[in-house]
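An overview of the molecular structure
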Amino acid sequence: MSDPIRIQFVCLGNICRSPLAKAVFRDKVEEAGLEEHFEIVSSGTANYHEGEKADRRMRKTAERNGLSLEDHRASQFTAEDLERFDHIFVMDKSNLNDVLYLDEDDQYGGKVRLFREFDPEPEDYQVPDPYHGGRQGFENVYDIVERTSDMLLHRLVDEYDLAEHVGENEPERMEEGREES
Ligand code: 4NP
């Protein structure tokens, strides 16, 4: 098996937007049976919440949509991540500036992109920070992350020629299903 495609989602606090993006994108990767082909993590540019669980409001929003963020613990983005990851998807332009600030020799800019570049309805290309708002803001982030992750996975499947691997674990899963019944 070749190296996985290393993906990192980045926001400010790593308790709202990027943990959700990681969970939603990972869910889509698993649905496609492509989990062996990806390493998926998230972080924040700030260390305010290091080691904390995801924001309770974001956990609830995820739960309402069938996803769990319970295992998440916040961590901070580091300059080493610029080298280690193949794609760094940031939630807003301030995250973009903060990440690129760590790229002292301007080597890695090509890896760093606004996540919403992949949104079919990108508006201003930023995932709004829901932290100081109400529940509607969290639901809005979910909707954005859901449709953007879908498109992002399609684009990566094309870029890395993964179409032939989609669903490749399916026979095993069906086998398991038969054993259970
Ligand atoms: P996130 O949201 O960047 O989506 O995790 C925020 C979390 C915490 C703060 C700001 C945004 N904060 O200021 O503490």
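Residues numbered from 1 in each chain as written. Predicted model: local features only at pLDDT ≥ 70, side-chain atom pairs only at ≥ 80, totals over all residues. Heavy atoms only, no water.

**Focus: the sheet that holds strand S3 (residues 87-90)**
The four strands lie next to each other as S2-S1-S3-S4, forming an open sheet whose pairing is parallel. Looking at strand neighbours, the two that pair on one side only are strand S2 (38-44) and strand S4 (112-114), the edges of this open sheet. Taking each pair of neighbouring strands and ignoring which way they run, the sheet shows an average axis angle of 25 degrees. Here helix H4 (residues 93-101) sits on the sheet and contacts strand S1 (5-11), S3 and S4; the angle it forms with S4, its principal contact strand, is near 170 degrees. (Pairing = 2+ DSSP bridges. Helix = DSSP H or I, 4+ residues; strand = E, 2+ residues; numbered from the N terminus. Axes fitted to C-alpha atoms, helices over the stretch in contact; angles between N-to-C directions. Contact = heavy atoms within 4.5 Å.)

**Topic: the packing of aromatic side chains**
Within this structure, the stated rule accounts for five aromatic pairs. Relative to Phe 25, the ring of Phe 9 has its centre 5.6 Å away and its plane inclined at 65 degrees; by these criteria the two rings are edge-to-face. Taken together, the residues Phe 9 in strand S1 and Phe 25 in helix H1 (residues 17-31) connect sequence positions 16 residues apart. The exposure class assigned to Phe 9 is buried, which follows from its relative accessible area of 0%. (Phe/Tyr/Trp six-rings, centres within 6.5 Å; stacked < 30°, edge-to-face > 60°. Buried < 20%, exposed > 50% of the residue type's maximum accessible area, 1.4 Å probe, protein only.)

**Observations concerning the site of the ligand**
Around the ligand, the surrounding shell consists of Cys 11, Leu 12, Gly 13, Asn 14, Ile 15, Cys 16, Arg 17, Tyr 48, His 49, Asp 129 and Tyr 131. Interatomic distance of 2.8 Å between a backbone N/O atom of Gly 13 and an oxygen atom of the ligand. Ile 15 places a polar main-chain atom, nitrogen or oxygen, 3.0 Å from an oxygen atom of the ligand. In terms of residue class, the shell around the ligand is built from six nonpolar, three polar and two charged. (Near = heavy atom within 4 Å. Polar contact = N/O pair within 3.5 Å; in protein donor to acceptor, adjacent residues only side chain to side chain. Nonpolar A, V, L, I, M, F, W, Y, C, P; charged D, E, K, R; others polar.)

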